[in-house]
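In case you want the letters, here they are:
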Amino acid sequence: MRQIDLRSDTVTQPTRAMRAAMAEAAVGDDVYGEDPTVNRLESMAAAMLGMEAALFVASGTQSNLLALMSHCGRGDEYIAGQEAHCYKCEGGGAAVLGSIQPQPIDFEPDGTLDLGKVARAIKPSDHHFARTRLLCLENTQWGMVLPLDYLAEARAFTLERELALHLDGARIFNAAVKQGVEVAEIARHFDSVSVCLSKGLGAPVGSLLCGSSHLVEIARRWRKVLGGGMRQAGVLAAAGIVALSGHVERLAEDHDNARQLALGLSQIKELQVDPARVQTNMVFVRVAGKDAAPLAGFLEERGIMIFGQPTLRLVTHLDVSADDVDTVIKAFRDYFS
Ligand SMILES: *Cc1c(COP(=O)(O)O)cnc(C)c1O
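Small disclaimer: the values here were computed from a predicted structure and weren't measured.

With that out of the way, let us pick up the overall build of the protein. A count of helical and extended segments in the protein gives 14 helices and 12 strands. Whereas a compact globule of 337 residues would reach a radius of gyration of roughly 20 Å, the protein reaches 20 Å, a difference of no more than 12%. On the principal axes, the C-alpha backbone points of the protein span a range of 60 × 50 × 35 Å. Contacts spanning at least 24 positions in sequence make up 75% of the contacts within the protein whose residues lie at least 6 apart.

Here's what the structure looks like:
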């Protein structure tokens, strides 16, 4: 039975082309800076984002942590969304390992952080307080794309307030494809950007932290300290190169599939879903309380994997086709009829 896994865009299998590139990759010791494939991936990412440098790291969590530890020191503070991945979903790493204090504030419904609220959260320069150093945004945030003019405002604001600006751009390519701009048009507003290769881009492993050469050198040191210095990592970077060169434009298909899925599910009266809110590859669906728990089991018997309660988050990706979307809509219909 064909499996259709909508739990996340992290579940993709490496394509044949990726596996071939991994098998053939020229490698060296990346801790000595001698892995040609890692070096190629890093230059390619830096060029695409319009940044001076990039660092290939094990995961998005490591990439965000390196950014936080490179911008902030002991006793410093970063401001992030209450639901931001780098605050809520990374084990408190910045506090645990960096002695950096988070200052979370609520996201606005469109995934932005209100800059007035950010301004009020910045601590005065006084020895009672942590030193506020950094603002972190997330794009996409729950599948929503941050408007480009908001990014420009955030840049101007952080310059004026002497804060650094980091983007958790795990899905920055989804945002760029949705907005029809080069990814550099988003990245240019930030001092650092973390990009996941292992989400919608479909690589098996890895993220990139992009920024100035100076920042990336600091991050490179912390990566080693954290045990993230990998040796012949070119076998992994090779898959990343295939992802960046071949899997960016096709994200539009994931967005179309997500919209079709939302449209189909919105016809089912027991479900609450607003297709107009689907901007990229995520569909959020509220299920009438009593029906939610057995639904996942019913779908699983049909090879469809979902998660989230009572709000489901359904994610489209490389391994979900338009036909799969039809199959999923039909299975939901069967459940409710
Ligand atoms: C997945 C994700 C990360 C972390 O990536 P991992 O590779 O899973 O550590 C960071 N931020 C956001 C928004 C993510 O979705």
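Here the narrative resumes, following the displayed structure.
Before going further, it helps to spend a moment on the domain arrangement of the protein. Per the domain assignment, the segments of the protein are domain 1 (16–246) and domain 2 (250–336). One C-alpha centre belongs to domain 1, the other to domain 2, and the line joining them spans 29 Å. Listed per partner, the contact involves 15 residues of domain 1 and 12 residues of domain 2. In total, about 1,200 Å² of surface goes out of reach between domain 1 and domain 2, with carbon and sulfur atoms giving 57% of it. Where domain 1 packs against domain 2, one counts zero salt bridges. Counting every contact that joins domain 1 to domain 2 gives three residue pairs in polar contact (both at pLDDT 80 or more).

Checked against the element boundaries, Met-282 lands in strand 10 (residues 282–287). Distance in space between the C-alpha atoms of Met-282 and Asp-254 is 9.0 Å, their sequence separation being 28 residues. If sequence neighbours within four positions are ignored, Met-282 has contacts with Trp-142, Gly-143, Arg-171, Ala-258, Arg-313, Leu-314 and Val-315.

The geometry of an aromatic ring pair comes down to the distance between the two centres and the angle between the two planes. Under the counting rule described, the total for this entry stands at three aromatic pairs. Ring plane angle 85 degrees and centroid distance 4.8 Å describe the contact between Tyr-335 and Phe-336, whose orientation is recorded as edge-to-face. Judged on exposure class, the residue Tyr-335 and its partner Phe-336 are both buried. Ring-pair connections join several aromatic residues into one group, and the members of that group are Phe-298, Tyr-335 and Phe-336. In this structure, Arg-231 is placed above the aromatic ring of Tyr-32, and the distance from its NZ or CZ to the ring centre is 5.9 Å. Over the ring of Phe-298 we find Arg-302; its NZ or CZ atom is 3.6 Å from the centre of that ring.

On to the pattern of salt bridges. All chains considered together, the criterion is met by 19 salt bridges. Salt-bridge contacts for Asp-29 lead to Arg-231; the nearest nitrogen and oxygen are separated by 3.2 Å. One end of the pair, Asp-29, is in the loop between helix 1 (16–24) and helix 2 (36–49); the other, Arg-231, is in the loop between helix 10 (213–225) and helix 11 (234–246), with 202 residues separating them in the sequence. Of the charged contacts in the structure, one is a salt bridge between Glu-77 and Lys-123, with a shortest N-O distance of 2.9 Å. Residue Glu-77 is found in strand 3 (residues 76–81), and its partner Lys-123 is found in the loop between helix 6 (115–121) and strand 5 (131–138); the two are separated by 46 residues along the sequence. For Glu-77, a relative accessible area of 0% gives the class buried.

Close contacts around the ligand come from Ser-59, Gly-60, Thr-61, Asn-64, His-85, Glu-90, Glu-138, Asp-168, Ala-170, Arg-171, Cys-196 and Lys-199, and that covers them all. Between the ligand and the protein, one listed contact pairs an oxygen atom with a side-chain N or O atom of Thr-61 at 2.6 Å. Arg-171 places a polar side-chain atom, nitrogen or oxygen, 2.9 Å from an oxygen atom of the ligand. Within the complex, 82% of the 380 Å² of free accessible area of the ligand lies under protein. The element that contributes the greatest number of residues to the shell around the ligand is helix 3 (residues 60–71), accounting for three residues. Of the residues that constitute the shell around the ligand, the class distribution is two nonpolar, five polar and five charged.

A word on the sheet that holds strand 9 (residues 271–272). Taking strand neighbours across the sheet as the criterion, the three strands line up as 9-10-12 in an open arrangement whose pairing is antiparallel. Whereas interior strands pair on both sides, the edge strands pair on one side only; in this sheet they are strand 9 and strand 12 (311–315). Across five bridges, the pairing between strand 10 and strand 12 is antiparallel. Bridge pairing links Arg-286 to Thr-311 in strand 12.

A few words on empty space enclosed by the protein. Applying the stated criterion across every chain yields a total of one cavity of 30 Å³ or more. Space inside the largest cavity adds up to approximately 50 Å³. What lines the largest cavity is Gly-169, Ala-170, Arg-171, Ile-172, Phe-173, Asn-174, Val-195, Cys-196, Lys-199, Gly-200, Leu-201 and Leu-251. Of all the secondary-structure elements, those providing two or more residues to the lining of the largest cavity are helix 8 (172–179) and strand 7 (192–196). In terms of residues, the lining of the largest cavity owes the most to one element, helix 8, which gives three residues. The residue inventory of the lining of the largest cavity, partitioned by class, reads seven nonpolar, three polar and two charged.

What counts as what
- Residues numbered from 1 in each chain as written.
- Predicted model: local features only at pLDDT ≥ 70, side-chain atom pairs only at ≥ 80, totals over all residues.
- Heavy atoms only, no water.
- Helix = DSSP H or I, 4+ residues; strand = E, 2+ residues; numbered from the N terminus.
- Rg over C-alpha atoms; globule rule 2.2 N^0.38 Å.
- Contact = heavy atoms within 4.5 Å.
- Domains from an automatic or database assignment.
- Buried area = accessible area lost by both parts, 1.4 Å probe.
- Salt bridge = Lys/Arg side-chain N within 4 Å of Asp/Glu carboxyl O.
- Polar contact = N/O pair within 3.5 Å; in protein donor to acceptor, adjacent residues only side chain to side chain.
- Phe/Tyr/Trp six-rings, centres within 6.5 Å; stacked < 30°, edge-to-face > 60°.
- Buried < 20%, exposed > 50% of the residue type's maximum accessible area, 1.4 Å probe, protein only.
- Lys NZ or Arg CZ within 6 Å of the ring centre and 35° of its normal.
- Near = heavy atom within 4 Å.
- Areas by Shrake-Rupley, 256 points an atom, 1.4 Å probe, with all protein chains shown as cover.
- Nonpolar A, V, L, I, M, F, W, Y, C, P; charged D, E, K, R; others polar.
- Pairing = 2+ DSSP bridges.
- 1 Å grid on protein atoms, 1.4 Å probe; cavity = no way out; pocket = protein on both sides within 12 Å on 5 of 7 lines; lining within 4 Å.
- Points joined across faces, edges and corners; volume = space filled by probe spheres on them.

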